[in-house]
There are 2 protein chains.
Amino acid sequence: MKADAVRGHLDGLLLAVLEQGPLHGYAIITAVQRRSGGALDLRTGTIYPALNRLERQGLLSSDWESIGERRRRCYQLTDAGRAALAGKRADWRAFTSAIGAVLDPATPGNATPGNAT
Amino acid sequence: MKADAVRGHLDGLLLAVLEQGPLHGYAIITAVQRRSGGALDLRTGTIYPALNRLERQGLLSSDWESIGERRRRCYQLTDAGRAALAGKRADWRAFTSAIGAVLDPATPGNATPGNAT
DNA sequence: GCCAATATATTGCCTGCCAATATGTAGCAC
DNA sequence: GTGCTACATATTGGCAGGCAATATATTGGC
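- You'll find chain A entered in an unreviewed UniProt entry as PadR family transcriptional regulator, with Streptomyces triticirhizae given as the organism.

**Digging into the overall build of chain A**
Argument step 1. Of regular secondary structure, chain A possesses four helices and three strands.
Argument step 2. In chain A, the order of α-helices and β-strands from amino to carboxyl end is α-β-α-α-β-β-α.
Argument step 3. Overall, the C-alpha framework of chain A stretches about 55 × 30 × 20 Å when taken along its three principal axes.
Argument step 4. The buried share of chain A, reckoned over its 117 residues, is 43%.
Argument step 5. Taking contacts inside chain A between residues at least 6 apart in sequence as the whole, the part at least 24 apart equals 41%.
Argument step 6. Carbon and sulfur atoms form 49% of the exposed surface of chain A, whose accessible area is close to 6,500 Å².
Argument step 7. If you average the places of the 15 positive and of the 11 negative side-chain charges in chain A, the two averages end up 2 Å apart.

**Quick word on the pattern of salt bridges**
Argument step 1. Summed over the entire model, instances satisfying the criterion amount to 16 salt bridges over all chains.
Argument step 2. The shortest N-O distance in the salt bridge between B:Arg93 and A:Asp104 comes to 3.7 Å. Within this pair, whereas B:Arg93 is found in helix H4 (residues 79-103), its partner A:Asp104 is found in the segment after helix H4 (79-103), the two belonging to separate chains.
Argument step 3. Three or more residues are tied together by salt bridges with common partners; here these are A:Glu19, A:Arg89, A:Arg93 and B:Asp104.

**Quick word on the protein's contact with DNA strand C**
Argument step 1. Near DNA strand C there are 24 residues, and of these A:Tyr26, A:Thr44, A:Arg72, B:Arg7 and B:Thr46 occur at the shortest range.
Argument step 2. Per the 4 Å cut-off to the protein, sugar and phosphate atoms form 65% of the nearby atoms of DNA strand C.
Argument step 3. B:Arg43 is positioned with one of its side-chain polar atoms (N or O) 3.4 Å from a phosphate oxygen of DNA strand C.
Argument step 4. B:Arg70 is positioned such that a nitrogen or oxygen atom in its side chain is 3.1 Å from a sugar or linking oxygen of DNA strand C.
Argument step 5. Top contributing element to the surface near DNA strand C by residue count: helix H3 (residues 44-56) of chain A, with four residues.

**As for the relation of the copies chain A and chain B**
Argument step 1. Superposing chain A onto chain B takes a rotation of 180 degrees combined with a translation of 0.0 Å along the rotation axis, leaving an RMSD of 0.0 Å. These values place the two chain copies in the arrangement generated by a two-fold rotation axis. Rotation axis and chain A: the residue whose C-alpha lies nearest the axis is A:Thr96, separated from it by 3.7 Å.
Argument step 2. By residue overlap, the copies meet face to face through one surface: 100% of the interface positions of chain A are interface positions in chain B.

**Observations concerning the sheet that holds strand S2 (residues 60-67) of chain A**
Across a sheet, paired strands are connected by hydrogen bonds in the backbone, their directions being either parallel or antiparallel.
Argument step 1. Read across the sheet, three strands follow the order S1-S3-S2 (chain A) without closing on themselves; strand pairing throughout is antiparallel. Taken across any chain shown, the strands that pair with only one partner, and hence form the sheet edges, are strand S1 (23-24) and S2 of chain A.

**Brief notes about the nonpolar core**
Argument step 1. A:Leu14, A:Leu40, A:Leu60, B:Leu14, B:Leu40 and B:Leu60 are the most contacted members of the largest nonpolar core, which has 60 residues in total.
Argument step 2. Setting aside residues up to four positions removed in sequence, B:Leu14 forms contacts with B:Ile28, B:Leu42, B:Ile47, B:Ala50, B:Leu51 and B:Leu54.

**Things to note about the UniProt feature "domain: Transcription regulator PadR N-terminal" (unreviewed entry) in chain A**
Argument step 1. Cross-referencing UniProt, the feature "domain: Transcription regulator PadR N-terminal" (unreviewed entry) maps to residues 14-86 of chain A in the present numbering.
Argument step 2. As annotated, residues 14-86 of chain A comprises 49% helix and 25% strand, and the C-alpha atoms at either end are separated by 13 Å.

**Remarks on the protein's contact with DNA strand D**
Argument step 1. Lining the immediate environment of DNA strand D, one finds 24 residues, of which A:Thr46, B:Tyr26, B:Thr44, B:Arg72 and B:Arg73 sit closest.
Argument step 2. Backbone atoms, meaning sugar and phosphate, make up 65% of the atoms of DNA strand D lying within 4 Å of the protein.
Argument step 3. Contact between DNA strand D and A:Arg7: a base nitrogen at 2.9 Å from a side-chain N or O atom of the residue.
Argument step 4. Within the backbone of A:Gly8, an N or O atom sits 3.1 Å from a phosphate oxygen of DNA strand D.
Argument step 5. Listed by contribution, the elements that provide at least two residues to the surface near DNA strand D are H3 of chain A together with helix H2 (25-35), helix H3 (44-56) and strand S3 (70-77) of chain B.
Argument step 6. Its residues assigned to classes, the surface near DNA strand D shows six nonpolar, eight polar and ten charged.

Procedures and definitions
- Residues numbered from 1 in each chain as written.
- Chains lettered and ligands numbered in written order.
- Predicted model: local features only at pLDDT ≥ 70, side-chain atom pairs only at ≥ 80, totals over all residues.
- Heavy atoms only, no water.
- Helix = DSSP H or I, 4+ residues; strand = E, 2+ residues; numbered from the N terminus.
- Buried < 20%, exposed > 50% of the residue type's maximum accessible area, 1.4 Å probe, protein only.
- Contact = heavy atoms within 4.5 Å.
- Areas by Shrake-Rupley, 256 points an atom, 1.4 Å probe, with all protein chains shown as cover.
- Lys, Arg positive; Asp, Glu negative; His and termini not counted.
- Charge placed at Lys NZ, Arg CZ, Asp CG, Glu CD.
- Salt bridge = Lys/Arg side-chain N within 4 Å of Asp/Glu carboxyl O.
- Near = heavy atom within 4 Å.
- Polar contact = N/O pair within 3.5 Å; in protein donor to acceptor, adjacent residues only side chain to side chain.
- Least-squares fit on C-alpha atoms with pLDDT ≥ 70 in both.
- Pairing = 2+ DSSP bridges.
- Core = buried A, V, L, I, M, F, W, Y, C linked by side-chain atoms within 4.5 Å.
- UniProt positions renumbered as here; feature names shortened; annotations may be inferred.
- Nonpolar A, V, L, I, M, F, W, Y, C, P; charged D, E, K, R; others polar.

This is how it looks when you write it as structure tokens:
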């Protein structure tokens, strides 16, 4: 998968992997990797600033966890985050439907004039 | 739809609308608009450079058409363009499958470990 | 002792689409 | 005959946003 393929969909990915329970940044990277079958490989320079931003936006909350001398920051969804995730999923469907309708018009499930939001 | 949503998928869109026959730039814009149900609204600053680039890459060929004093440049797919379109469609499926698997794991048709290209 | 994996954080860059702008024809309303 | 809109193409500059590179620290295997 080309390098910055997730552009525009990163927030949704992060919120989605956190839906099933709290995770720290490093674990989020591997979770995304695993769930995408290895296709998506996020970098630290991508997710740490993003997690920070999502927390500032109130979609995530975090607390530090200590394993011996090691510290990790665990993020979890807030209620607002859960709501935002639903929105991101709707956006994703609209997006794939729109592009799909142009790229692959024969495929059922793609947008046809008349399904406005 | 947010402004630069098509980022990374523009070439596929252009090739796809040209699959059914030659079109000039302005008509491509309206074709994409119509086929996406109004969701996608490409700008001239987006498509004219892109069409030019695709022609330089050998995926399109063009010739000028004259309607009275009016001139328009009609693009059509080359064989290479047709092949590239097939590739773009495969890329699109891999992309939606990968993101979908993370964002919406319950949905059937999304990637699961084991469907490498 | 050295290296890889685990873990977080920051800086600067680059890609690639968009907004703005320019230019010209054609047709219609008034 | 002036002004407006639709049709048609082209170019410039800007910027959002993810990535590469880099830095730092702990832990465990060999």
